[in-house]
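Each chain, written out:
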Amino acid sequence: MKSFKIALAQFSPHIGNLEANAQKMLEQANEAKKQNADLIIFPELSSIGYPAEDLLLRPSLTKRTQQVFEQLKTVKDIVMVFGFVNQTEDGQRYNAAAVMKDGQVLGVYNKQNLPNYSVFDEKRYFTEGHQHLVFEYLGHKFGVLICEDVWSLSTVQQLAQLNVETALVLNASPYEVGKPQHRVETMSALAKQMNLNLVYANQVGGQDDLIFDGTSFVIAKNGSVVLQAESFKESLYFAEYEAEQQAFKANALPPALDTMAEIYQSLVMATRDYVQRSGFPGVILGLSGGIDSALTLAIAADAIGADKVQAVMMPYTYTAQISVKDAAEQAKSMGVTFGIAEINPIVNSFMQTLYPFFGNSPADATEENLQARARGTLLMGLSNKFGNLVLSTGNKSELAVGYCTLYGDMVGGFSVLKDVYKTIVFELAKYRNSISDKPVIPERVITRPPSAELRPDQKDQDSLPPYDVLDAILYAYIEEDMSQDDIIAKGFDAEVVAKVIRLVDFNEYKRRQGAIGPRISSRAFSRERRYPIMNGWKAGI
């Protein structure tokens, strides 16, 4: 047995761009070789990216995949293990991994366990494999697994029984809060139980509403973590196996991110990748002087640079002067383009046009929504003219109960805080200020009672329970799937619970029309929580 060095390519593929992905893989393999690596492992489906969804059904995929193999055949003197779509002559399609050296394919492994829950939909596209792949190199016995396979105890047991010493695991494991730590802890126990080294390479980057954190790692047979990659960072990482000790050499581990740092970095990466890979030159958003738009602005500037961010303050009669001042102060401190557009003339014009229909009907939410829709129209007009993507600024709490206006503050192509509860918004704002020399979000924006400022002296709490109460009820109902009766049994006011649940259920039609946004929870709207708009389900039991 010889010592060896393995490279983990924490890789961010561009979905569907097989040529560019192959070129990047080629460059990473050559760089790994320069650093004396003997093997390099890439993430799951690294040639096309994950999830490629119905691109997997395109007739030209086989030809494009063959071209990937031709590009990678030029790499010499290093073993490459990479993900691809294996389409066989009998018409089957597999989520697969190839082992290649010096232009020769040494073996192909077809994923055996296809996830079909939560955000996963693999049974729509792939056939299950049934055979393990084991290969020997430098006197060491390797096996290959793909993502869900390593979470199946029987599959890992079967591989370990083949006297495999190290499992190479290709992954595209989406992020949610706490998931990086959960993976490491679970895999550490598994490695120890199976007496198996685990080399776990995970995809990184934002893809539509999914976030891939990377956080790749190597775990030794005794369960110790000998290498851990940084989260949300694309790079090469190296682990060395020492033949004399028959063990991986321990590396310095990066400090673990606390929860707010983890969430903030995930949102920054997701926003950056969505804007850049969608081809937008920059972003535009309405900066109201409130905390949601303030946090969205900070994330956007950190993601793509302040020079590519435009903020517009759109005051109306009910907008407090301190809101205008706070918005201008933040825009200046962050160095973004800033402008003020009064919407009084637009709203007044709407009201004049609608008067023959409204007559002397008393004012209600209709007039409030006209303000929001005037702002939405302005933002979309600026987006159309200059090509920047509109970021909507609503949070998960508001979207859950419909405290938002269709075609108003919901307009936009990407909703940065869509899966972030209001209570977490406050914590993220404090976190962002804590990592700067001076606060970028004015303290008053964080401490002022939240208000939509659509009528005199309006406060969010006029219509909603306090956000700590609201979010606790929402979490129980959405994340934990608890019934109305069970939530009330936890000590919440029965009338408040009934109102919140009624609002959540009624406003499904709004959420269906909203922009996508990055997923950070286990029950994000759209991919995971999919309820029929029209239904007669009773929430009580």
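In what follows, the structure referred to is the one given above.
Only a predicted model underlies this, so the values are computations on that prediction, with no experimental measurement involved.

Basis of the calculations
- Residues numbered from 1 in each chain as written.
- Predicted model: local features only at pLDDT ≥ 70, side-chain atom pairs only at ≥ 80, totals over all residues.
- Heavy atoms only, no water.
- Buried < 20%, exposed > 50% of the residue type's maximum accessible area, 1.4 Å probe, protein only.
- Helix = DSSP H or I, 4+ residues; strand = E, 2+ residues; numbered from the N terminus.
- Pairing = 2+ DSSP bridges.
- Expected span 1.5 Å × (residues − 1).
- Salt bridge = Lys/Arg side-chain N within 4 Å of Asp/Glu carboxyl O.
- Phe/Tyr/Trp six-rings, centres within 6.5 Å; stacked < 30°, edge-to-face > 60°.
- Axes fitted to C-alpha atoms, helices over the stretch in contact; angles between N-to-C directions.
- Contact = heavy atoms within 4.5 Å.

Chemist: Teacher, can you tell me more about the pairing of strand β6 (residues 134-137) here?
Modeler: Along any regular strand the residues' side chains alternate between the sheet's two faces. Residues Phe135 and Tyr137 of β6 are buried on one face, while the alternating residues Val134 and Glu136, pointing to the opposite face, are not. As judged from the 4 bridges shared by β6 and strand β7 (residues 140-146), these two strands associate in the antiparallel manner. Across the sheet, the residue bridging to Tyr137 is His140, located in β7. Counting the residues between successive antiparallel strands, the hairpin from β6 to β7 contains 2 residues, one of them, Leu138, with a positive phi of roughly 55 degrees.

Chemist: Would you explain the environment of Ser152 in this entry?
Modeler: Here Ser152 is to be found in the loop between β7 and α3 (153-160). The buried category is assigned to Ser152, whose relative accessible area is 15%. Separated by 364 residues in sequence, Ser152 and Ile516 have C-alpha atoms that sit 31 Å apart.

Chemist: Explanation requested: helix α5 (residues 259-277) in the structure shown.
Modeler: Compared with the 27 Å implied by 1.5 Å per residue over 19 residues, the 27 Å span of α5 between its first and last C-alpha is a close match. Of the residues one or two after α5, Gly279 is the one with positive phi, at around 85 degrees.

Chemist: What exactly am I supposed to notice about the pattern of salt bridges here?
Modeler: Should their charged atoms come close, side chains of opposite charge can pair. Inspection of the entire model under this criterion finds 25 salt bridges. Ionic pairing is found between Asp102 and Lys101, a salt bridge with its closest N-O pair at 2.9 Å. You can call Asp102 partly exposed: its relative accessible area is 29%. Residue Lys308 is joined to Asp307 by a salt bridge in which the shortest nitrogen-to-oxygen separation is 3.6 Å. One network of salt bridges, in which partners are shared, links Glu508, Arg511, Arg512 and Arg529.

Chemist: Can you walk me through the packing of aromatic side chains in this structure?
Modeler: The description of an aromatic ring pair rests on the distance of the ring centres and on the angle between the ring planes. Counted under the stated rule, the structure contains 17 aromatic pairs. Taking the centre distance of 6.2 Å and the plane angle of 80 degrees together, the rings of Phe11 and Phe42 count as edge-to-face. Separated by 31 residues along the polypeptide, Phe11 in the loop between β1 (4-10) and α1 (18-34) and Phe42 in the loop between β2 (39-41) and α2 (61-72) bring together distant segments of the chain. Considered together, Phe11 and Phe42 belong to a single accessibility category, that of buried residues. Measuring from centroid to centroid gives 4.4 Å for Tyr200 and Phe217, while their planes differ by 10 degrees, and the two rings are stacked. Pair noted here: Tyr200 is in strand β9 (residues 197-202) and Phe217 is in strand β12 (residues 217-219), with a separation of 17 residues, a long-range link.

Chemist: Sorry if this is basic, but what is going on with the sheet that holds strand β13 (residues 225-228) here?
Modeler: In a beta sheet, neighbouring strands pair by backbone hydrogen bonds and run either parallel or antiparallel. Within the open sheet, the 6 strands sit side by side as β6-β7-β8-β9-β12-β13. Their pairing is mixed. The open sheet has two free edges, formed respectively by β6 and β13, since each of these has just one partner strand. The sheet shows a mean angle of 20 degrees between the axes of neighbouring strands, direction not considered. Pairing of β12 with β13, which is carried by 3 bridges, proceeds in the antiparallel orientation. Looking at β13, one finds that Phe217 is bridged to Gln228. The sheet strands contacting α3 are β6, β7 and β8 (166-171), and the helix crosses β7 at an angle near 160 degrees. Of the strands in this sheet, β9, β12 and β13 touch helix α4 (residues 179-194), which is tilted by about 30 degrees from β12.

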